[in-house]
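Structure assessment
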Amino acid sequence: MRDLGAESEDLAPGAELMEGASTVLGLPDHRRREALSDLGRPLALGLFAAMARLRAFDERAVILQRQGVIGTYPTYFGEEAIQAGSVLALKDHDWLFPTYRQNSVVVLRGCPPEVPLLLWRGNPAGWHDVHRLHTAPVCVPVATNYPHAVGAAWGSRLLGEETVALAYGGDGSTSEGDFHEACNLAAVVGAPAIFLVTNNQWAISTPLRLQTRVERIADKASAYGMPGVRVDGFDVFACHLAVREAAARARRGDGPTLVEAVGYRLGPHGTADEPSLYRDPESARRWGPWEPLGRAAAALVDAGLASPEELGELRADAAAEMRQAGDRLQGFPLPSLEDVASRVYRETPWTLRRERLREPTYLEEG
Amino acid sequence: MPAGVTMVEAVGRALGQVLDDDPRAILLGEDIGVNGGVFRATAGLQARFGPDRVVDTPLSEAGFVGAAIGMCLVGLRPIVEIQFDAFVYPAFEQLASHAGRFRWRTNGAYGLPMVIRIPYGGGTKAPELHSDSPETLFSHTPGLRVVAPSDPLSAGEMLVAAAACGDPVIYMEPKRLYRRGRAEIPDRFQPSSLDRAQVVRPGADVAILAHGAMVEVALEAAERLADEGASVRVVDMRSLYPLDRETLLRTAREVGRVVVVHEAPRHSGVAAEVAAILQEEVADHLLAPVLRVTGMDMPFPLFQLEDQALPSVSRVVRTARAALEY
């Protein structure tokens, strides 16, 4: 038993925290190679390419924030394995319920990357097409997206559809009431939902030990009567398999699953956050080697599924794609506030009608 | 057997009609199935439509209001029962942070066709937090519509309209009127307008504006004032967001003296908004200040004191007299 009072920094990164977490990359060499060739080259490379795009998006977004092109931005550096692994484990008609930390998963569903970037630029064109992409708008209030996924999953099943809904969240979200209500409701009604909790040990400055007294978030599942599994959140192949299995269970009619993807928040909470104020920078450095793209690349090369050049090319392509997306932001058309006001209700009430808004008490003269 | 149906029966009939008409409609709530709801609004509906369409949920307002949002995304049209007014507070975040924002978040493309039914208000000798009037919380929350019927027919017509609306509607049911009187209703409810007030009594000297259970109080006050020779117009506001600006302005122009009644606390209440609109837009026509008869800015009292806190006929009469004598 770990000393619950211990500083997070004292926890040796890796093995201890990953105990009980499913892994592909942590398997002995021959079994890892076997597992990767079982996945097959197209999928294995597809997972890497998806991670590369997410990483490139994140890196570009941070640059754009520094340049003042976009506003504050919640980086997800190091969490690409969880996001790419899960999106590719679901079918296109399955629903995703991302939070700000998964703000670019829509890109993996075919959304142009400038759309989520525009959201952080504060342009309403940044709202993606929810129904075409079967991806809910980025959820800002923590844990409130979990019940939405339950309703989508449960509702689809009532409609006789084979749709799974996956909600993302972080370790901090498991302290919120909506997490509990969603897990409980999903289990009671047998909703084909997946709760994918990224346990990166930190909620801004709040370490996990101030968040919960259970050592494993996956253990919380037992209170709801659903399976809880842990997976190495830096291992895209393991994340993929864990979510795939949860989705299969959901489609079989066996109800929801709580998946805890264990990792460490390698970067800041967002561009406005300064982690050195509350944690030893050394700990992030010690976790550095777990970084998911490097690990996946090494394993793919080792298994003979890809050459370093090939992988480098995927990353270069992704970087170019995101740079170009960033270049499209400036000068992107901005709707008028009056137009936006007409998009709140199906039938715009008089309070928001154009002639009302043109009164001097409302809008600046344009 | 008295003729007609009560308001709570009309609500049940309207729900049955919606479930019949639209296979995508689904009811969610606590004790609404076998038990038919604590007020029996959903009595018999689970037997008729099955447990997958009239769903008994866990005690989990944030959970099932949030789930209703997710259901809308996949094409269902949920109607949620909140057991008692104050029980909506745990779901407030779902309503304020999500329900009212989805159409805006999709640039107008997709709204959430959901109805939140909230039995509300005092006068039923209920325990604490079973007598609140939280309508202003929602009328101040962008993206929601807020309506309140005041009789069996309007309850049915507004409920089928709310279910067809396409945006989230907070449907406030004045539970004190649930079994107060009976009214003839048609075999099928025709959806009524969701944003129109109704003049329920014509009059020319002073107008009393009210919604929900206060319409009855206003009508009784009007009757009493009529005995004194005053001609009192009573307007059932019906829609609290948006307010029926046209009817409000017309009333003020034609009558010149306006009293607004609600049981919710006074501060930032619906009456304050009415008064603000009238003084901004038709100040020249006002013959007296807009006066308010409201609940107090304190927790709704325990029920031995509730009759003092609730706007009474005599308070409304006195206030209308003050407006008349101004």
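Residues numbered from 1 in each chain as written. Chains lettered and ligands numbered in written order. Predicted model: local features only at pLDDT ≥ 70, side-chain atom pairs only at ≥ 80, totals over all residues. Heavy atoms only, no water.

**Considering the overall build of chain B**
Applicable threshold: Counting from the N terminus, the helices are the DSSP runs of H or I reaching at least four residues and the strands are the DSSP runs of E reaching at least two. Type-normalised accessible area, obtained with a 1.4 Å probe on protein chains alone, sets the label of each residue: buried when under 20%, exposed when over 50%, and partly exposed for intermediate values. Should any heavy atoms of two residues lie within 4.5 Å, those residues are considered in contact. Accessibility throughout is a Shrake-Rupley quantity obtained with a 1.4 Å probe, and a residue counts as covered only by protein chains that appear here. Neither His nor the chain termini are counted; the positive set is Lys and Arg, and the negative set is Asp and Glu. A charged residue contributes its charge at one atom only: NZ of Lys, CZ of Arg, CG of Asp or CD of Glu.
Helix and strand counts for chain B stand at twelve helices and twelve strands. Dimensions of chain B along its principal axes, counting C-alpha atoms only, are 60 × 50 × 40 Å. Out of the 326 residues in chain B, the part that is buried amounts to 63%. Within chain B, contacts between residues separated by at least 24 positions form 81% of all contacts whose residues are at least 6 apart in sequence. Carbon and sulfur atoms provide 51% of the accessible area of chain B, an area that totals close to 12,000 Å². Where the 32 positive side-chain charges of chain B centre and where its 41 negative ones centre are 2 Å apart.

**Details of the sheet that holds strand S4 (residues 115–120) of chain B**
Residue and element names in this part refer to chain B. Stated formally: Two strands form a pair only when DSSP identifies at least two bridges running between them. Lines fitted to C-alpha atoms define the axes here, with helix axes fitted over just the stretch in contact, and angles between the N-to-C directions of these axes take values from 0 to 180 degrees.
The sheet built from seven strands is open, its strands ordered S2-S1-S3-S4-S6-S5-S10 with mixed pairing. Each edge of the sheet is formed by a strand with only one pairing partner; in this case those strands are strand S2 (54–56) and strand S10 (239–241). For this sheet, the mean angle separating the axes of adjacent strands, direction not counted, is 20 degrees. Examined bridge by bridge, strand S1 (residues 25–29) and strand S3 (residues 77–81) share five bridges and lie parallel to one another. Across the sheet, the residue bridging to Leu 28 is Val 80, located in S3.

**A look at the pairing of strand S6 (residues 169–174) of chain B**
Residues and elements named next belong to chain B. Across the six residues that make up S6, a large majority, six, are buried. Bridging between S4 and S6 involves six bridges; their strand directions are parallel. When the bridges of S6 are listed, Ile 118 appears paired with Met 172. Both strand S5 (residues 145–147) and S6 contribute to a ladder of three bridges, which runs parallel.

**Side note on the side chain of B:His262**
Residue and element names in this part refer to chain B. For clarity, the threshold we go by: Under the rule applied, a polar contact is a pair of N or O atoms within 3.5 Å (in protein, one hydrogen donor and one hydrogen acceptor; residues adjacent in sequence only if both atoms are side-chain atoms).
For His 262, the position within the fold is in strand S11 (residues 258–265). Overall, the relative accessible area of 1% leaves His 262 in the buried class. Among the polar contacts made by the side chain of His 262, one reaches the main-chain carbonyl oxygen of Ala 264 at a distance of 3.0 Å.

**What to know about the pattern of salt bridges**
Formally: Counted as salt bridges are all cases of a side-chain nitrogen of Lys or Arg within 4 Å of a carboxyl oxygen of Asp or Glu.
Summed over all chains, the structure comprises 38 salt bridges over all chains. For A:Glu310, the salt bridge is made with A:Arg41, and the minimal N-O distance between the two is 2.7 Å. You can see A:Glu310 sitting in helix H12 (residues 308–327) and its partner A:Arg41 sitting in helix H2 (residues 41–66), a full 269 residues away along the chain. Accessibility expressed as a relative area gives 26% for A:Glu310, which makes it partly exposed. The partner of B:Arg201 in a salt bridge is B:Glu223, and the shortest N-O contact between them spans 2.9 Å. Taken together, the positions of B:Arg201 in strand S7 (residues 198–201) and B:Glu223 in helix H8 (residues 214–227) put the pair 22 residues apart, joining distant regions of the chain. Judged by its relative accessible area of 44%, B:Glu223 is partly exposed.

**Here's the deal with the layout of surface pockets**
Counted only if it meets this: Cavity and pocket criteria rest on a 1 Å grid covering protein atoms alone: a 1.4 Å probe that fits but cannot get out defines a cavity, protein on both sides within 12 Å along at least 5 of 7 lines defines an open pocket, and an atom within 4 Å of a point defines a lining residue. Grid points are joined across faces, edges and corners, and a volume is the space filled by probe spheres set on the points. Only Asp, Glu, Lys and Arg are considered charged in this grouping, and only Ala, Val, Leu, Ile, Met, Phe, Trp, Tyr, Cys and Pro are considered nonpolar; every other residue, Gly among them, is considered polar.
In this model, the largest pocket occupies a volume close to 1,000 Å³. Together, 35 residues line the largest pocket, and A:Thr351, A:Tyr362, B:Ser139, B:Pro142 and B:Tyr241 are the ones closest to its centre. Listed by contribution, the elements that provide at least two residues to the lining of the largest pocket are helix H13 (337–341) and helix H14 (354–357) of chain A together with helix H6 (135–139), S10 and helix H10 (270–281) of chain B. Ranked by the residues each element gives to the lining of the largest pocket, the list is headed by H10(B), at six residues. A breakdown of the residues in the lining of the largest pocket according to their chemical character gives 20 nonpolar, ten polar and five charged.

**So, the domain arrangement of chain B**
Residues and elements named next belong to chain B. For clarity, the threshold we go by: In this document the domain limits rely on a domain assignment from an automatic tool or a database. Note on definitions: buried area is the accessible-area loss of two parts on being combined, 1.4 Å probe, summed for both.
Domain boundaries in chain B define domain 1 (7–177) and domain 2 (198–325). Between domain 1 and domain 2, the contact holds 26 residues from the first and 25 residues from the second. Summing the contributions of domain 1 and of domain 2, the shared interface buries around 2,100 Å²; its carbon and sulfur component is 53%. Across the contact surface, domain 1 and domain 2 share zero salt bridges. At the boundary of domain 1 with domain 2, the tally comes to eight residue pairs in polar contact (both at pLDDT 80 or more). Partitioning the side of domain 1 that touches domain 2 into residue classes produces ten nonpolar, ten polar and six charged.

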